[in-house]
Amino acid sequence: MTINKNKFMTGAITAAMVASAIAPVAGAEEVKTNAEVTYSDVDPKSSHFPFIYKALDYNIMTGYADNSFKPNQKLTRAQVVKALGKYVVANSGKSLSEFDLTDVESFNDVPSTYRDEELYTYSLIVKQAGIFRGDNNNLNGAQLITREQMSQVLVKAFDLQDLPGDNSEVTDNASANSQYRGFIDILSENGVTSVSEYRPKETTTRAQFATFLVRAYEIANAPEPAPEAPEVESAKAVDATTIEVTFDNGEVVEFEVDTLEHGENEVTFEYEGKEYTGTVNYVDEAVVALQEAIAAAEAAIIALPEEITLADKEDVYAADALVEYAFELDAEAAAGIAGLDFLRYALNTIAELEAEPVVASVSAINAKQVEVKFNTAIDASTAVDTDGTLKTGVINVATISGTTVTVDGASVAALSADGKTLTIDTTSGTFNGQYVVKSVEDTIKATTGEFLPVYTSSVFSAKDTVAPAISSVEKLNASNVRVNFSEPLSSAGTWTFKFADGSTAIVTPDLGDLSAGYVDLAIDSNITAGKVISATVLGAADFANNLISPNPTTFTFSKGALDGTAPVVSSVTPNGLNKFELKFSEEVQNLTESDILVDGVARTAADATPGLLTTEAIITQSTTDKTRYTVEIAPFSSAGIHSVGLVADAVTDLSGETSAAFSKVVEFKADTTAPKLTKSEVKTENGVEYLYLTFDESVTEGTVSALAATEVKNYVTVNGTLDLSGLAPVANTDNKQHFVALSSITFDPAGSAAAAVISNSATYTVALTGFTDASNNPLASTSISFKRAADTDLTKPAVLLTDGDSAPYTVDNGVSVIDNDTLHVTFDKALDGASATNKANYTVNGLVVKSATLLPNNVVELKLDANTNTLTGVRNVAISGVKSSTGVLMNAFAASEYFVENVRPTFTAALTQNDEITLTFSENVVNLTNDAGEADFEVNIDGVDVTTFSPAVAVTEVGTDGTRTYTLELSRALTAAEYAKTLTITATDDLDVEDTNENVLSFTSVGVTK
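Since the structure is predicted, the reported quantities are computational estimates derived from the model, not experimental observations.

(A) Inspection of the overall build of the chain at higher detail. Regarding its fold elements, the chain presents 13 helices and 60 strands. Relative to the globule expectation of 30 Å for 1010 residues, the C-alpha radius of gyration of the chain, 56 Å, shows a markedly less compact shape. Projected onto its principal axes, the C-alpha positions of the chain cover 175 × 105 × 50 Å. The 1010 residues of the chain split such that 41% are buried. Taking contacts inside the chain between residues at least 6 apart in sequence as the whole, the part at least 24 apart equals 62%. Only carbon and sulfur atoms are counted for the fraction: they give 49% of the accessible area of the chain, which is about 49,600 Å². Taking the average place of the 63 positive charges on the side chains of the chain and the average place of its 140 negative ones, the gap between the two points comes to 5 Å.

Shown next, in the form of structure tokens:
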């Protein structure tokens, strides 16, 4: 905290004596007549008036007993002696009786026996003081004193000094006797006389002498000048109430001051009886922190893109956190942060995007893989097939430039545990160029059952320059280790394995899964358990040919010890004629179809042909119990005894122990239990109603095109048949659940009426037949009822872009400018009134939306606060949060629109002539002069229209359109009585005055100044 030294040195701080003057000195305006004496012959207008009374107040010259002063009486030498004698006594601090005059020789003509004792006494006093010496020791008291003589006695009486450098203003000094000239100049230099023609030979009146006397007295008794104040060398703020000042005399002093504010402060302090003022700079750390917080918040908001997507979520939240911090420091100051409206729009947009399942972002994470992130968990079955590949037709990648990549149903795909990140390997090609990723409509579902909308990414550039690295080494079992890489590899490079002594260890790498990003290592069985092996990988590369980092890379692992217990089959449980369950004593690995024997014959993997034939089998490990496996085989033709077994070494446990050969005879029994319907329900998905049927086991639909049914509508029951042939299995439910859209179900009434799609608001009851389980057991007798409502329009409301605007307004951007305060926005469908009229859903940068009103034909009218837009130009309009009448939330909408300032003109009125009122407007206006007799203004006197007076006063509006000043001419002058009353201007019903931007004048009453 520093202070500007230059300001102090040049007089920003000044010193003034605090002490009082030695004697009171009153200015002319302060002179008042003595409460006991008022001179009867002193004119208050006389220039000598204040001095006459000052002389009285100072007790140096008084009047006469009859209360007269005789201002024009010529002054004698005796009178001057008395006046100056009184002054000497008053200035001595003694009483008259205390003066020792015994050694003073009296004037010859004023002896001790003189009749005027007062003159005698004061003559001795002035003689003792050296003011009067006399002519041959004669006072000559009766003689009139000349002005030149008076100069001498005043200079001596008041000890006035010659002032070097000050020149006398007297021009007629040469006419004085030489002995008086110096005294006259001293009077002029000291300001006792202010005239240029002194007239030395003339006599002096009592009034003139009073003025001379008072001026000389005040000069003689003026306070001593204040000692020179020390100058300030520097000053700085110590804290908010203390400053430290260094003076040029070497003193460093701290002063308490009023609480300082951040920045330049004016301070006042007192030092050695003198007062100083100046400026000090104070740095308030809290203010600095606030300024930095506001600057950081504004920078973060400016950095946000105009089009907000979920990819910007973290940046938006970071900007919001900075704004919140600024508000914590000072809410009032933070309210002025630039861009708050846009930040609110960004936060609303993120909230809306998160409210519906969407693709949040897309990026190539390396040369081989693209990562698709969602804002919510998705249903894995809608994106990834059971074989770990991408479902066909859900994600497409278009190559804009560079290396062509292919992503299709053969691409390896994996969904993260939280269901929000889908990683896809290219089937062919590597990312090195520019690409666009697009999702296909109605393919990927969120776990809530909603389809994700179509997503098309912006063009993104991808070039993999990041070297691959080993991310982890995990133990699969005692003899197998998996090495995981940070990305898929195209080349394994060279692998070497050594013991600590440098000898070679026999380890076999399986390079078949390089493109999946891992290598499995098989440790030779002859290697001792626990022995550490060092592996070195040299020259491995990713699909962009980036070599592994570091290159070479070395890591260590060891062989685990066998636990001594081989895994065994704990149980075999048949389930119908085509399934059985194997349970092991512990978790095992590497079970394949060829390891399984049924009646001594090894099973084979199933091909793509529907259904299992001859030796084909499908093995499924339980997701909840890793020791259980379900094996599905081609069904036996009938119940009977069959053997189930495993070949030797079929599986290994996690320590590397292998299983022995196994065989067990079990009875397969036909499934005679009929399947049951456990649930039927109508669900609405994306606005479409579906009938869902859930069974307790897998079922197949037979002929379901003409099921007996009844329809009840408006209390009328009609018999007929329902066609449910549109039923299809729900994915990943093992055919236990089937669904059909209600809009595809038809009802064929009995009789001649034609079949038709089932009706809205009708209830249908149908007997379900034609469903069988895997053992051909038919569905038990089951009847269901369901009611159709109506499919809901779940498309999002959108702003219609055609708006009818023309230049300078933006054409067909969806925002129609009605006037400077009013906008119209038209949507493509009926709206939810609450959200459509919520003004918080509409923002215009820098302006305030005062209201939102829903008009017919899905039009929302927005009113801006009047008199708030002071600048004409383009501003951003953002709309979000508006829902359709069916409750579907719109996508955030943004547009740029041209706005004209909306500050309405104002005016003042003044009576400039007795028959003319001048109106002065705040800006140029038009439409003011009388238009076909339609007046804009009404002139009122005490609230009464002057045109109704008798005789009437006609009012004519005079002026030129496009100017600021107009007049209202009255047909006659106002009378004195009318002038004395209150004049006001009010608006008529025909008021159409507006500024050049069509902002209409609006007022109730304006007073007329006179």
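(B) Focus on the nonpolar core. Grouped together as the largest cluster of nonpolar side chains are 59 residues, with contacts concentrated most on Leu84, Phe132, Leu154, Phe158, Phe209 and Leu213. Looking at this core, the elements with two or more residues in it are helix 2 (49-57), helix 3 (77-92), helix 4 (117-128), helix 5 (147-158), helix 6 (178-190) and helix 7 (206-220). Look past the residues within four positions of Phe132 in its chain and what remains in contact with it is Arg77, Val80, Val81, Leu84, Phe107, Val126, Lys127, Leu139 and Val153.

(C) Quick peek at unusual backbone geometry. Cis rather than trans, the peptide bond between Ser549 and Pro550 has omega equal to -5°. As for its placement among the helices and strands, Pro550 is situated in the loop between strand 20 (541-542) and strand 21 (553-558). Omega for the peptide link from Ser950 to Pro951 comes to -5°, which places this bond in the cis form. With respect to the helices, strands and loops of the structure, Pro951 is situated in the loop between strand 55 (944-945) and strand 56 (955-958). A positive phi angle, close to 65°, is found at Asn545, a residue other than glycine. Exposure remark for Asn545: the relative accessible area of 62% places this residue in the exposed category. Phi at Asp812 takes a positive value of approximately 55°, unusual for a residue other than glycine. When you line up the elements, Asp812 lands in the loop between strand 44 (782-787) and strand 45 (816-819).

(D) Layout of helix 4. With 12 residues, helix 4 extends 17 Å from end C-alpha to end C-alpha; this agrees with the ideal 16 Å at 1.5 Å per step. Within helix 4, the full set of buried residues consists of Leu119, Tyr122, Ser123, Leu124, Ile125 and Val126. Here the buried face of helix 4 lies against helix 3. Its side-chain oxygen 3.2 Å from the backbone nitrogen of Glu118, Asp116 forms the N-cap of helix 4. Positive backbone phi, approximately 80°, marks Gly130, located one or two places after helix 4.

(E) Region of the structure containing the pattern of salt bridges. A complete count under the given rule lists 18 salt bridges for this structure. A salt bridge links Asp116 to Lys82; its shortest N-O distance comes to 2.9 Å. Here Lys82 lies in helix 3 and Asp116 lies in the loop between helix 3 and helix 4, a separation of 34 residues in the sequence. Under the relative-accessibility criterion, Asp116 is labelled partly exposed at 25%. Between Arg482 and Asp520 there is a salt bridge, and its shortest N-O distance comes to 2.7 Å. A residue pair is termed long-range when its members are at least 10 positions apart, and Arg482 in strand 14 (residues 480-485) and Asp520 in strand 18 (residues 518-523) qualify at 38 residues. Under the relative-accessibility criterion, Asp520 is labelled buried at 16%.

(F) A look at the sheet that holds strand 14. Strand order across the open sheet formed by four strands is 13-14-18-17, with antiparallel pairing between neighbours. The open sheet has two edge strands with one neighbour each: strand 13 (470-477) and strand 17 (507-510). Strand after strand, the sheet turns through a mean of 25° between neighbouring axes, direction not considered. By the bridge criterion, six bridges tie strand 13 to strand 14 in an arrangement that is antiparallel. If you follow Asn477 over to strand 14, its bridge partner there is Asn480.

Conventions we followed
- Residues numbered from 1 in each chain as written.
- Predicted model: local features only at pLDDT ≥ 70, side-chain atom pairs only at ≥ 80, totals over all residues.
- Heavy atoms only, no water.
- Helix = DSSP H or I, 4+ residues; strand = E, 2+ residues; numbered from the N terminus.
- Rg over C-alpha atoms; globule rule 2.2 N^0.38 Å.
- Buried < 20%, exposed > 50% of the residue type's maximum accessible area, 1.4 Å probe, protein only.
- Contact = heavy atoms within 4.5 Å.
- Areas by Shrake-Rupley, 256 points an atom, 1.4 Å probe, with all protein chains shown as cover.
- Lys, Arg positive; Asp, Glu negative; His and termini not counted.
- Charge placed at Lys NZ, Arg CZ, Asp CG, Glu CD.
- Core = buried A, V, L, I, M, F, W, Y, C linked by side-chain atoms within 4.5 Å.
- Expected span 1.5 Å × (residues − 1).
- Polar contact = N/O pair within 3.5 Å; in protein donor to acceptor, adjacent residues only side chain to side chain.
- Salt bridge = Lys/Arg side-chain N within 4 Å of Asp/Glu carboxyl O.
- Pairing = 2+ DSSP bridges.
- Axes fitted to C-alpha atoms, helices over the stretch in contact; angles between N-to-C directions.

Function cannot be inferred from these measures alone, as they are strictly geometric.
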